[in-house]
Amino acid sequence: MRRVGAGLLVLGTGALLSGSAVERLTPGNGARPTASTSPQPAATILVDYPEEGSVFPPDIASPTFLWRDGSAATSWQVEVTFADGGAPVRAKTLGPRMRVGAIDPRAVGPTNELPKLTPEQAAARTWKPDGPTWETIKQRSAGAVATVTIDGFAGAGAPSPVSHGQVAIRTSTDPVAAPIFYRDVPLMPSAGEKGVISPLATAKVPLIAWRLRNVAETRSRLLLTGMHTCANCHSFSRDGKTLGMDLDGPKNDKGLYALASVQPRTTIRNKDVVAWSSFRSKLGNQLRVGFMSQVSPDGRYVVTTIKPRDTGAETSAPALPLSKRQLLPLYYVANFPDYRFLQVFYPIGGILVWYDRTTGQLQPLPGADDPRYVQANATWSPDGSYLVFARAEAKEPIPGRPIATHANDPNEIPVRYDLYRIPFNGGAGGRAEPIRGASQNGMSNSFSKISPDGRWIVYVQARNGLLMRPDSQLHIVPAEGGEARRMRCNTSRMNSWHSFSPNGRWLVFSSKSRSPYTQMFLTHIDDDGSDSPAILIEDSTAANRAVNIPEFVNVPPDGLLKIDAPAAEFYRLFNRAAALSEKGQYAAAIPEWQRALALNPDDDRAQTSLGAALASTGRPGDAIAHFEKAVAVNPDYDDAQSGLGAALMASGRVAEAIPQYEKALELNPENTEALANLGAALARTGRLNEAIVRLERAVALDPEYLGARANLGGALLQKGEAGQAIPHLEKAVALQPRSPELQTSLGLALLERDRADEAIACFRKAVAIAPGNLAARESLASALHHAQGRTVEALIQWRLLLRAEPNHLPALTQAAWALATSPSAAVRNGTEALALAGRAVSLSGGREPSILDAQAAAYAEVGRFAEAVRTAERALALAREQGNASLAVELDGRLALYRSRAPFREKR
């Protein structure tokens, strides 16, 4: 007889022919010909399923028996005999061929194949007892062996069988007594941009479903589907009252966790979702991802894995050496186009942390928080007093290492986990001890599950990595450690995702032994930890979809009928709005953010994003309220604090902006945007030295960050250190060459260093990019006139500027001065100069000495020397009053000229 691992299993319903192909026989309805009446020895029938010694639950629906018969038999008689010595149960069947089950057409694509029968499966014959027959078999084999004998007959009325086979099975007295919650997924790897493979295209994510299966029934119950976000590892409290689920949030944020109360109609609302990222200020500014989170037996705590901080300062572990003071990656991930094993995914860094639902705090677990190791995949003991987790030395990707192309590729990062046990101790942790038999055995040991009576640990063993490996095998070891045994239930390919039934007698697990599309199996575990051959849970999903993460739930059959996830609709709207914002389409993003916030007004990220969109469309005043709401919801959200600072600054409230930036940096010292903006705010208030320190820090953190480069260059230029400013402004221009403001700033710095030709080239670029940018045109005109004496060209620029803005004071003043004082008679125009200067004086209120200086020169140019003298005297008095000594000296000299009735001429 062949083990279940040989690859034979019904892939769906419909394995039987219709009509009279199956006939149920009672003990008095026909006699069973025996092999002793046959003149020739009967050929051997190979019974492929169930396997010899299989144990069925008393509450499981009828299975499909499979056998192969190489004889000329065309019909078969099945006889079941029992230890009680009573009459056997008999049935006749035409032995329909095995068939592939129902297909979900939505899960068919170019990257997968429809399931196909193997040659052994195609040769298999089937028999599925009807309901009453199966109930009789189970009752009479409860706790005792039943022998199933199959005899083949060549033609109707044949007196003797031509083939013969049998298998012994029994029914346990232990019911399963709990439904199984599992995820039902299509296997459709997708090539995205630049050929990057993802396990499932975003558009196909709504095809993922979550189902509940009572093994006594022939079909599962659909609980949840159609979500536009992916939910992953889940767990239930021991009493079945709390559901926890890792959830992908907006923008692929894998740092969310749902904690919902289990009801017949369970709802996952926004308030039921915990964002691990909200704890960044305490546990590291890169905190975003939780991994394989597990709810405690009493439902109060959650244990998960996060990235370690770079220094280890927030943990009980020693700091990392300087060479390691980087945020270690959390996962090794490789995605493949082969749908059969489309992903390798396991942690290579991380510490254990625990979340307390009563206090809302997330804290490291001392003894499992050492950043030198990866500590992950923790599970609770039945009483919550200790945890078992997988630990290995933390690894970093090796630069230049070839990317793995398939599961168990030698190019995978090698990680072999050992199982460790650690006391929880109310969150205080303790000393982690390796579990003898499940550690230091040359293999990778992971995904431990502790039996409800606390006696046994069942875990997955493989050559490398975690859990879903082609070679993964289930092993069992005493909970206190000891000799580990490979379990009898293992199939030939991938055994993992196991879960104990609440009574501890049954283990459900997933396997790919019968099809690339993963299926669920059961095994019975007795008092001694001995298990039975695998039993298929038939028809759990379509034949071209996979079952994974099966978990028993301690609820009655009607205790979980439906799951609603309105939180997921919020994430869908969030993603739509975020996509528009990322494209710079802020006006279109604003109503999308508003729709999302109508579902969840307390989401700090959405409020912050709406604020940013409003500020980006020139509405910083409107943005302030949304940033303030985000800060009120989550005072520890550094992006919200920084965004509020930016909106205040854009509204002219610079002094109020500074403390917001400082708060953001207190929360996250590496927030480069906050550093850059704080530097700009400090510079605007004249605190240049403080500004430059912040901006240099921002540049050091991110040399490619435009805001840091631009603001640092601007602050250095403002301080008079144009030489130091130039390389930063050049870098900023390289990052954004189409910015007229950056081109202008670089031009001003170059001009300060007497690099007039380069400066004028920058100003010309700025004007070409944005002809309406008055600052760029003014700078160009000024440089042409003052640096190179090209007054005619300068006047062209000033006149263009004044055509666009007639009251532009600097242009009025400089053009008037040039027209009045140019050494070239062809350029001078005293009448125009006087008109421009008069307008400038009127606009300035007559209190600007430099403007009065230009007006005096214009009066002199048209021969009105008395007025030139009076105007120059007023300018001189104001210059002295305002402490402008250098202008006062110049005005004193020009007064002498005007008094002698001579105009002033610039020298070239």
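Residues numbered from 1 in each chain as written. Predicted model: local features only at pLDDT ≥ 70, side-chain atom pairs only at ≥ 80, totals over all residues. Heavy atoms only, no water.

Quick look at the overall build of the protein
Step number 1: Scanning the protein for helices and strands turns up 22 helices and 39 strands.
Step number 2: The C-alpha radius of gyration computed for the protein amounts to 40 Å, which surpasses the reference 29 Å derived for 908 residues by more than 25%, pointing to a less compact arrangement than a globule.
Step number 3: Taking contacts inside the protein between residues at least 6 apart in sequence as the whole, the part at least 24 apart equals 60%.
Step number 4: Charged side chains of the protein number 99 positive and 90 negative; the gap between the two group centres comes to 3 Å. (Helix = DSSP H or I, 4+ residues; strand = E, 2+ residues; numbered from the N terminus. Rg over C-alpha atoms; globule rule 2.2 N^0.38 Å. Contact = heavy atoms within 4.5 Å. Lys, Arg positive; Asp, Glu negative; His and termini not counted. Charge placed at Lys NZ, Arg CZ, Asp CG, Glu CD.)

A look at the nonpolar core
Step number 1: Of all hydrophobic cores here, the largest spans 153 residues; its most connected members are F181, W593 and Y898.
Step number 2: Considering every element that reaches this core, the biggest residue donor is helix 4 (residues 566-582), with 9 residues.
Step number 3: Every residue in contact with Y898, bar those within four places of it in the chain, is listed here: A856, A857, A860, F865, A868, V869, A872 and F904.
Step number 4: If you look at the next biggest cluster of nonpolar residues, it comprises 90 residues, including A404, L419, M487 and W497. (Core = buried A, V, L, I, M, F, W, Y, C linked by side-chain atoms within 4.5 Å. Buried < 20%, exposed > 50% of the residue type's maximum accessible area, 1.4 Å probe, protein only.)

What to know about the packing of aromatic side chains
Step number 1: Going through the model one piece at a time under the given rule, you end up with 21 aromatic pairs.
Step number 2: Both rings, one in Y301 and one in W380, keep their centres 6.3 Å apart while their planes meet at 25°; by these two values the pair is stacked. One end of the pair, Y301, is in strand 21 (residues 301-306); the other, W380, is in strand 26 (residues 373-380), with 79 residues separating them in the sequence.
Step number 3: By relative accessible area, Y301 is classed as buried at 13%.
Step number 4: Between W817 and F904 the ring centres are 5.6 Å apart and the planes differ by 45°, which places this aromatic pair in the tilted class. Here the residue W817 occupies a position in helix 18 (residues 809-821), and F904 occupies one in the segment after helix 22 (885-899), the gap between them amounting to 87 residues. (Phe/Tyr/Trp six-rings, centres within 6.5 Å; stacked < 30°, edge-to-face > 60°.)

Describing the side chain of S532
Step number 1: With respect to the helices and strands, S532 occurs in the loop between strand 36 (519-524) and strand 37 (535-536).
Step number 2: Assessed through its relative accessible area of 3%, S532 is described here as buried.
Step number 3: One polar contact links the side chain of S532 to the main-chain amide nitrogen of H524, over a distance of 3.0 Å.
Step number 4: Not counting residues up to four positions away in its chain, the partners in contact with S532 are G53, V55, R488, C489, T523 and H524. (Polar contact = N/O pair within 3.5 Å; in protein donor to acceptor, adjacent residues only side chain to side chain.)

Comments concerning the environment of H785
Step number 1: In this fold, H785 is placed in helix 16 (residues 774-787).
Step number 2: Sequence separation between H785 and A815 is 30 residues; the distance between their C-alpha atoms is 9.6 Å.

Considering a nonpolar patch on the surface
Step number 1: Taken together, the side chains of I103, V108 and L114 present a nonpolar region at the surface, about 230 Å² in accessible area.
Step number 2: Note on placement: L114 falls in the loop between strand 6 (89-93) and helix 1 (119-122).
Step number 3: Under the relative-accessibility criterion, L114 is labelled partly exposed at 44%. (Patch = residues over 30% accessible without salt bridge, like charges linked within 9 Å, V, L, I, M, F, W, Y side chains within 5 Å. Areas by Shrake-Rupley, 256 points an atom, 1.4 Å probe, with all protein chains shown as cover. Salt bridge = Lys/Arg side-chain N within 4 Å of Asp/Glu carboxyl O.)

So, the sheet that holds strand 34 (residues 495-500)
Step number 1: Spatially, 34-35-36-37 is the arrangement adopted by the 4 strands of the open sheet, whose pairing is antiparallel. At either end of the open sheet lies a strand with only one pairing partner, and these are strand 34 and strand 37.
Step number 2: Where strand 35 (residues 506-511) meets strand 36, 6 bridges bridge the pair, whose relative direction is antiparallel. Each residue of the ladder has a partner; that of W506, found in strand 36, is H524. (Pairing = 2+ DSSP bridges.)

Some points on the packing of helix 21 (residues 865-881) against helix 22
Step number 1: Orientation of helix 21 relative to helix 22, taken along the N-to-C sense of each, is 165°, at an axis distance of 9 Å. Viewed along their axes, helix 21 and helix 22 adopt a mutual orientation that is roughly antiparallel. As for the relative orientation of helix 21 and helix 22, their crossing is left-handed in sense. Together, F865, A868, V869, A872, E873, A875, L876, A879 and R880 of helix 21 and L887, A888, L891, D892, L895, Y898 and R899 of helix 22 make up the contact between the two elements.
Step number 2: Per-class residue counts for the contact of helix 21 with helix 22 are 12 nonpolar, no polar and 4 charged. (Axes fitted to C-alpha atoms, helices over the stretch in contact; angles between N-to-C directions. Parallel < 35°, antiparallel > 145°, perpendicular 65-115°, else oblique. Left-handed = near helix turned anticlockwise from the far one by under 90°. Nonpolar A, V, L, I, M, F, W, Y, C, P; charged D, E, K, R; others polar.)

Focus on the pattern of salt bridges
Step number 1: This model, assessed by the stated rule, comprises 44 salt bridges.
Step number 2: D104 is the salt-bridge partner of R545, the closest N and O atoms lying 3.1 Å from each other. Separated by 441 residues along the polypeptide, R545 in strand 38 (residues 545-552) and D104 in the loop between strand 6 and helix 1 bring together distant segments of the chain.
Step number 3: Given a relative accessible area of 4%, R545 falls into the buried group.

Quick word on the packing of helix 8 (residues 638-650) against helix 9 (residues 654-667)
Step number 1: Close contact between helix 8 and helix 9 brings their axes to 8 Å; oriented N to C, the two are set at 165°. Viewed along their axes, helix 8 and helix 9 adopt a mutual orientation that is roughly antiparallel. As for the relative orientation of helix 8 and helix 9, their crossing is left-handed in sense. Touching D638, Q641, S642, L644, G645, A646, L648 and M649 of helix 8 are V654, E656, A657, Q660, Y661, K663, A664 and L667, all from helix 9.

Re the side chain of S439
Step number 1: Counting through the fold element by element, S439 comes out in the loop between strand 29 (433-434) and strand 30 (444-450).
Step number 2: S439 sits in the buried class, given a relative accessible area of 8%.
Step number 3: In this structure S439 touches D418, L419, P434 and N445, once residues within four positions along its chain are discounted.

What to know about the sheet that holds strand 38
Step number 1: As summarised here, the arrangement of the 4 strands in space is 14-13-10-38, forming an open sheet in which the pairing is antiparallel. Edge positions in the sheet fall to strand 14 (221-225) and strand 38, since each of these pairs with one other strand and no more. On average, each strand axis in the sheet is tilted by 25° relative to the strand beside it, whichever way the strands run.
Step number 2: Relative to strand 38, strand 10 (residues 180-186) is paired through 6 bridges, and the arrangement is antiparallel. From the neighbouring strand, I180 faces strand 38, where its bridge partner is F552.

A closer look at the pairing of strand 35
Step number 1: Burial analysis of strand 35 places 6 of its 6 residues in the buried class, the great majority of the element.
Step number 2: The alternating pattern of strand 35 places W506, V508 and S510 on one face and L507, F509 and S511 on the opposite face, and all of these are buried.
Step number 3: The loop that links strand 34 with its antiparallel partner strand 35 comprises 5 residues; one of these, G504, has a positive phi angle of about 80°.

Some remarks on the environment of L467
Step number 1: Tracing the chain through its elements places L467 in the loop between strand 31 (456-462) and strand 32 (473-478).
Step number 2: The sequence separation of L467 and A178 amounts to 289 residues, and the corresponding C-alpha distance is 24 Å.
Step number 3: Setting aside chain neighbours within four positions, we find L467 in contact with M292, S446, F447, V460, S472, S496 and W497.

Here's the deal with unusual backbone geometry
Step number 1: Between Y49 and the following residue, P50, the backbone shows a cis peptide bond with an omega angle of 0°.
Step number 2: Located in the positive-phi region is A177, a residue other than glycine, with phi close to 60°.
Step number 3: In this structure, A177 sits in the loop between strand 9 (163-171) and strand 10.
Step number 4: One non-glycine residue, Q440, lies in positive phi territory at about 50°.
Step number 5: Here Q440 is to be found in the loop between strand 29 and strand 30.

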